[in-house]
Amino acid sequence: MDIPREAVLLRIFIGEADQFGHRPLYEAIVLKAREMHLAGATVLRGPMGFGRSSRLHTAKILRLSMDLPIVIEIVDSKERIDKFLPELEGMIGSGLVTMEKARVLRYGDAAPSGQ
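For the structure given in this document, a descriptive report is provided here. Quick caveat: nothing in here was measured; it's all calculated off a predicted structure.

Attention shifts here to the nonpolar core. Counting 17 residues, the largest nonpolar core has I12, I14, I29, I74 and F84 as the members making the most contacts within it. Residue assignment for this core shows that the elements contributing at least two residues are β1 (6-15), α1 (25-35), β7 (69-76) and α2 (78-89). I74 has contacts with V8, L9, L10, I12, A33, L38, G40, A41, I81 and F84, leaving out every residue within four places of it along the chain.

Here it is in structure tokens:
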């Protein structure tokens, strides 16, 4: 699969405890992105954060949170991301979703030159 050089980055901010059906929301989003043949998705777990409610979520020992921040990043063409957005809208309750231009410099597993 190819990604155009001028692509978009979809970034989804949710909580680790968020659910969709009987599975974690982040897992459901990644599986839906894969099902729709998007180029790839990465889930990042944050050690600390807060959102709209200003409630602090942290991994500190004395304030152990079971709802740490999760960020899902998906890069693909604008057209493919636009097709994914209605699916995402039906999955996500609260959270923050952003989209920005991304310039793809490399995608794939080609060996570095000289090897």
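With that settled, consider the sheet that holds strand β8 (residues 96-103). Sheet architecture is open: 4 strands sit in the order β4-β7-β1-β8, paired in antiparallel fashion. Pairing within the sheet leaves two strands with one partner each, and these edge strands are β4 (41-45) and β8. Each strand of the sheet is rotated relative to its neighbour by a mean of 20°, with strand direction disregarded. Here 5 bridges tie β4 to β7, and the two strands are oriented antiparallel to one another. Of the residues in β7, the one forming a bridge with L44 is V71.

With that settled, consider unusual backbone geometry. Despite not being glycine, H37 shows a phi value in the positive range, around 60°. Along the chain, the position of H37 falls in the loop between α1 and β4. By relative accessible area, which is 52% here, H37 ends up exposed.

Criteria and cut-off values
Residues numbered from 1 in each chain as written. Predicted model: local features only at pLDDT ≥ 70, side-chain atom pairs only at ≥ 80, totals over all residues. Heavy atoms only, no water. Core = buried A, V, L, I, M, F, W, Y, C linked by side-chain atoms within 4.5 Å. Buried < 20%, exposed > 50% of the residue type's maximum accessible area, 1.4 Å probe, protein only. Helix = DSSP H or I, 4+ residues; strand = E, 2+ residues; numbered from the N terminus. Contact = heavy atoms within 4.5 Å. Pairing = 2+ DSSP bridges. Axes fitted to C-alpha atoms, helices over the stretch in contact; angles between N-to-C directions.

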